[in-house]
Amino acid sequence: MRISITARLALLAVLLSLVTSLALAGLIWQQTHDDAIEVLRRDTAQQTDAFAAVYRSGGIPALAQAIADAQADDDSLVAVLIDRNGARRLGVGPDRLAFAPSAETFRVATLGTAGEWAGQEAGVTIRPLGRDWLVSGRLLDDWERTQRNIERALLLAVLLSLVLGIGGGLVLARYVTRRLDRIAGAVDAVAAGDLARRVGTEAGGSDAFDRLSLRIDGMLDRIDRLMAELRIVTDSIAHDLRSPIARLRARAEAAATASHPQQREVALAGLIAETDLVMRMLAVLLEISRSEAVTRDMLVPLDPAALIEEIADLYAPVAEEAGLRFVVALPSEPGAQVRLHRELLSQALANLIDNALRHAAAGGEIALALERSADALRFSVADRGTGIPAADRAQALSRFGRLDRARSLPGAGLGLALVESVARLHGGRLELGDNAPGLVATIVVPF
Amino acid sequence: MTRKILLVEDDAASSAYVAKGLQEAGFAVESCGDGRDGLFLASEGIFDLVIADRMLPGLDGLSMLGALRAANIRAPVLILSALGTVDDRVKGLHAGADDYLTKPFSFAELLARVEALLRRADGAGAEPQVTRLTVGDLEIDLLARSVARQGRAIPIGGREFNLLEFLARHAGQVVTRTMMLEKIWNYHFDPGSNVVDVHIGRLRRKLEEGFDTPILHTVRGAGYRLSLDG
């Protein structure tokens, strides 16, 4: 049988409070308990044996005499002969026994129902004598009474804690259930399509449930953002692929209808170039979506400076050909290796350098730099072009987010989005800043 | 001797396209459409090269490759795949493929890689330690890392030397931009601009300035070729 988590929680609470109280009661009992009651039991048994022996040898008069003798020495003595109906025949004791007599080795009880016998407990042994019952023993003294009281209180405490445990368990279970239901409700709503639904916090974000809620909300935010991006991507793919594909079609038509072989050659070459552009857009798109799925265990320890040097080696001649100065700045001291994805990070840097090449003002410079701070690597590419106004930077990061000013320049418009997703893969971020003038794009990789 | 190529590709259109192109380039091509048949045919050991799609019915390309290698068939294998991300390529190469080409590809790219693979397979074992490469009047000393043309020393160093060495090892063959990016710089992504062309341009100036005959040729739509005859 499966027990619901609520029931299990309640049960656990009950069990815990029971164990706690039993342990406590046990400890107290062990500390306070001594053998007083045990001694009383033994004395009582001996005394009863003695009276019974007297009765057997001398009958009722001898017993009455023995009890009277004994009472003279001990005013706490109880020794009474009770008839079948519970009424006193002789001896020291209540006129009527508070309970029906039965053969018992030892019991502690209030013997009488009225008078002084009702207020005091006594430890007695009850034994049949002929047709009557001999109830013989002693009133409890102060210490023995205290013992009895402590034991009774301990029992009461255990019972009370059981009740409280059940109550507490129910309250706890209800509370946990309520908090969990709130989270589950929000998750269900999102699963059902209400992507804007969030769990929210209840205790001001301070307790564990709220921390869990905040995490889940963070995850939902990311899902929401990804979904929004996906929508934008599908819209943008449709939109941005439309024009190259339209051009492709136009070129194909031109090639098909070209009468002159040379015209056809030109049209076909253009066709291939357009196809390459579309292919590249798709490849980068694929790379972006895959880089978001890459797990961090695909990162391997690398020397970041070597990575920078390699990419600089590839691009320095390109910048120089374009009439730009290409400056590389590395930390003066070699640092430890850092877990990086060489290909994706190189591609991201290549994209940034490519952007810089495209936007750098003629005769300017492109600066590629690696900085190492206490907890992060900063890969930056800076140019001296027109830069991106602060207001436009968010749009520049979104997929296909080509700024209108850049629409006329070639490029798939995916560059920065890829860079950002690569930065995210490394647990970092892409920062766009002002190089005054120009743009400085920095991939921050914490380690 | 006509080289035999086994083409394992389930997409009929692209299989026909590749087979036709390879036949026109002078290869004997046998094709089949599923991995099990491919493995069966390749096990005969009569092929000089195997071109296999990564996703095949029956047995996928990488498993087929593993089975071939286990059966001690050493023919070079080129994997074709629509899975084009960097990690896919690296995985393919780690699985023992000799080369990896992403769909869609240009036929020129495929042909260049096929020829490079065949040349490498021939070279393996034949001349284990080459210390000099000669292409026409160009001499490359691999030990001293020095280059001379018509006896005149040309200062070429670093990455440029590696580039020249790679071209010279494939002298007379077309070498594509992506092949150079993969082999010289070890990058498996498309930088998207003319980076390789710039490096080639610099190398070409050094090799050809002051000499009458061109030696580093551009092959339109494909790549570059190092040889004296145009």
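These figures come from a predicted structure and were not determined experimentally. (Residues numbered from 1 in each chain as written. Chains lettered and ligands numbered in written order. Predicted model: local features only at pLDDT ≥ 70, side-chain atom pairs only at ≥ 80, totals over all residues.)

**Observations concerning the overall build of chain A**
Within chain A, the regular secondary structure consists of 10 helices and 12 strands. When burial is assessed residue by residue, chain A has 27% of its 447 residues classed as buried. (Helix = DSSP H or I, 4+ residues; strand = E, 2+ residues; numbered from the N terminus. Buried ≥ 20, exposed ≤ 12 C-beta atoms within 10 Å, placed from the backbone.)

**Examining the pairing of strand 4 (residues 121–129) of chain A**
All names here are of chain A. Relative to strand 4, strand 3 (residues 104–110) is paired through five bridges, and the arrangement is antiparallel. Across the sheet, residue Arg-107 finds its bridge partner in strand 4, namely Val-124. Judged from the eight bridges that link them, strand 4 and strand 5 (residues 132–139) form a sheet pairing that is antiparallel. Its bridge partner lying in strand 5, Val-124 is registered against Gly-137. Where strand 4 folds back onto strand 5 in an antiparallel hairpin, the turn is made up of two residues, including Gly-130, whose phi is positive at roughly 60°. (Pairing = 2+ DSSP bridges.)

**Regarding unusual backbone geometry**
In the Ramachandran plot, B:Asn72 falls in the positive-phi region, its phi being about 65° despite a non-glycine side chain. Take B:Asn72: it is sitting in the loop between helix 3 (61–70) and strand 4 (77–81).

**Comments concerning the sheet that holds strand 10 (residues 376–382) of chain A**
The strands that make up a sheet pair up through hydrogen bonds in the backbone, lying either parallel or antiparallel. Residues and elements named next belong to chain A. Strands sit in the order 7-9-10-12-11 across an open sheet of five strands; the sheet is mixed. Among the strands making up the open sheet, the edge pair consists of strand 7 (325–329) and strand 11 (429–434). Direction aside, the axes of adjacent strands within the sheet are offset by 15° on average. Relative to strand 10, strand 9 (residues 365–372) runs antiparallel, the two sharing six bridges. If you follow Ala-367 over to strand 10, its bridge partner there is Ala-382. Contacts between helix 8 (residues 342–359) and the sheet are confined to strand 9, strand 10 and strand 12 (439–446), with strand 10 contributing the most and set at about 25° to the helix. (Axes fitted to C-alpha atoms, helices over the stretch in contact; angles between N-to-C directions. Contact = placed C-beta atoms within 7 Å.)

**A short note on the interface of chain B and chain A**
Interfaces are frequently sized by the accessible area removed from exposure as the parts join. Each partner contributes to the interface: chain B provides 19 residues, whereas chain A provides 23 residues. The element that contributes the greatest number of residues to the side of chain B that touches chain A is helix 8 (residues 195–208) of chain B, accounting for four residues.

**A few points about helix 7 (residues 177–184) of chain B**
Residues and elements named next belong to chain B. Every buried residue belonging to helix 7 is among Thr-178, Met-179, Met-180 and Ile-184, and all of these are buried. Of the surrounding elements, those touching the buried residues of helix 7 are helix 5 (107–123), helix 6 (158–169), strand 10 (175–176) and helix 8. Two residues or fewer after helix 7 comes Asn-186, characterised by a positive phi angle close to 60°.

**A short note on the nonpolar core**
Core analysis: the biggest nonpolar cluster contains 97 residues, and A:Ile353 and B:Leu78 have the highest contact counts within it. Looking at this core element by element, the count peaks at nine residues for helix 8 of chain A. Setting aside its immediate chain neighbours within four residues, B:Leu78 contacts B:Leu49, B:Ile51, B:Ala97, B:Asp98, B:Asp99, B:Leu101, B:Arg113, B:Val114 and B:Leu117. Ranked by size, the runner-up nonpolar core spans 22 residues in total, among them A:Tyr55, A:Leu63, A:Leu81 and A:Leu134. (Core = buried A, V, L, I, M, F, W, Y, C linked by C-beta atoms within 7 Å.)

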